[in-house]
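Chain residues, written in single-letter form:
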Amino acid sequence: MQAKDEIKSALKSNQDTLNGFLAGLSDEDLAVRQRMTNSIIAWQIGHLITWEVGMCAEIPGAKYPALPAGMKEAYGGYNTRLAVPPAGYLKKAEYLELFNKVRSATLAALDRLADADLDKPTTGPMAPWAPTVGALLWLAANHTELTLNGLMTWTSDGRAPEQARHPRKKGN
């Protein structure tokens, strides 16, 4: 197995896991905030989409779909995580469609790369953490994995998503 195969496997695995996790949730579940300091699932997915489009655009040959107007500003930075986007949240199906299109664009760019391209230096904002194209692709997979880890613990205390909307009362 070559490096490109490993990266592709990680990107696809995380894509499948994200799709599977969201399959059991409703549009309303995506807007639940478990704790007041946590971002909601909708923001997390929107952030994954905008991050991958923004940070991976420097991958040679990457061609990403256009994002809806205002999406980059609504999901692009850590300071936006607690605010409701001006246009409101998207529907789950819209987040999934966008995420899958973006991930498909990343995978297509990876497929077009020669092995030697993985060693090319990056120059964008992620260069200190991902100094090569290969490292940037690994970071895209890891970013999704870290987000998934946070989402999986969203109801790790055993409460259903609808119960997570309300703080626990004494005795619950």
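Parameters and conventions
Residues numbered from 1 in each chain as written. Predicted model: local features only at pLDDT ≥ 70, side-chain atom pairs only at ≥ 80, totals over all residues. Heavy atoms only, no water. Core = buried A, V, L, I, M, F, W, Y, C linked by side-chain atoms within 4.5 Å. Buried < 20%, exposed > 50% of the residue type's maximum accessible area, 1.4 Å probe, protein only. Helix = DSSP H or I, 4+ residues; strand = E, 2+ residues; numbered from the N terminus. Contact = heavy atoms within 4.5 Å. Phe/Tyr/Trp six-rings, centres within 6.5 Å; stacked < 30°, edge-to-face > 60°. pLDDT = per-residue confidence, 0-100. Expected span 1.5 Å × (residues − 1). Axes fitted to C-alpha atoms, helices over the stretch in contact; angles between N-to-C directions. Parallel < 35°, antiparallel > 145°, perpendicular 65-115°, else oblique. Left-handed = near helix turned anticlockwise from the far one by under 90°. Nonpolar A, V, L, I, M, F, W, Y, C, P; charged D, E, K, R; others polar.

(A) Structural view of the nonpolar core. Within the largest apolar cluster, 44 residues are counted, with the highest numbers of intra-cluster contacts made by L22, I45, I59 and L137. Every element with two or more residues in this core is listed here: helix 1 (3-23), helix 2 (41-55), helix 3 (71-75), helix 4 (92-112) and helix 5 (133-152). Counting residues per element, this core draws most heavily on helix 4, at nine residues. When neighbours within four sequence positions are excluded, L137 is seen to be in contact with I7, L11, I59, T106, L110, L113 and L118.

(B) Spatial organisation of the packing of aromatic side chains. This model, assessed by the stated rule, comprises one aromatic pair. Centre to centre, the rings of Y75 and Y95 are 6.1 Å apart; their planes meet at 85 degrees, and the pair counts as edge-to-face. With a gap of 20 residues between them, Y75 in helix 3 and Y95 in helix 4 connect regions that are remote in the sequence. Exposure class is identical for Y75 and Y95. Each is buried.

(C) Representation of the environment of A3 in the model. Considering the arrangement of structural elements, one finds A3 in helix 1. In this structure, the C-alpha to C-alpha distance between A3 and L118, residues 115 residues apart in sequence, is 8.5 Å.

(D) The arrangement of the confidence of the model for the chain in detail. In the predicted model, the chain carries a mean pLDDT of 83, and the fraction of residues at 70 or more is 79%. Between the elements of the chain, mean pLDDT differs from a low of 83, seen in helix 3, to a high of 97, seen in helix 4. Under a pLDDT of 50 for its full length, residues 156-172 has, in the predicted model, 19 contacts with residues more than four places off or in other chains.

(E) View of helix 4. A rise of 1.5 Å per residue sets the reference length of helix 4, with its 21 residues, at 30 Å; its end C-alpha atoms lie 30 Å apart and thus fit the reference within 8%. Every buried residue of helix 4 is accounted for by K92, Y95, L96, L98, F99, V102, R103, A105, T106, L107, A109 and L110.

(F) Just the packing of helix 1 against helix 2, in detail. Look at helix 1 against helix 2: their axes get within 13 Å of each other, and the N-to-C directions meet at 155 degrees. Here helix 2 runs roughly antiparallel to helix 1, going by the angle between their axes. The interaxial crossing formed by helix 1 with helix 2 has left-handed handedness. Along its contact with helix 1, which presents L18, F21 and L22, the element helix 2 presents I41, I45 and L48.

(G) Broad picture of the packing of helix 1 against helix 4. Where helix 1 meets helix 4, the axes come as close as 11 Å, and the angle between the chain directions of the two elements is 175 degrees. By the criterion of interaxial angle, the relationship of helix 1 to helix 4 is roughly antiparallel. In this structure, helix 1 contributes K4, I7, K8, L11, K12, N14, Q15, L18, N19, L22 and A23 to the contact, and helix 4 contributes K92, L96, F99, N100, R103, S104, T106, L107, L110 and D111. Tallied by class, residues from the contact of helix 1 with helix 4 come to nine nonpolar, six polar and six charged.

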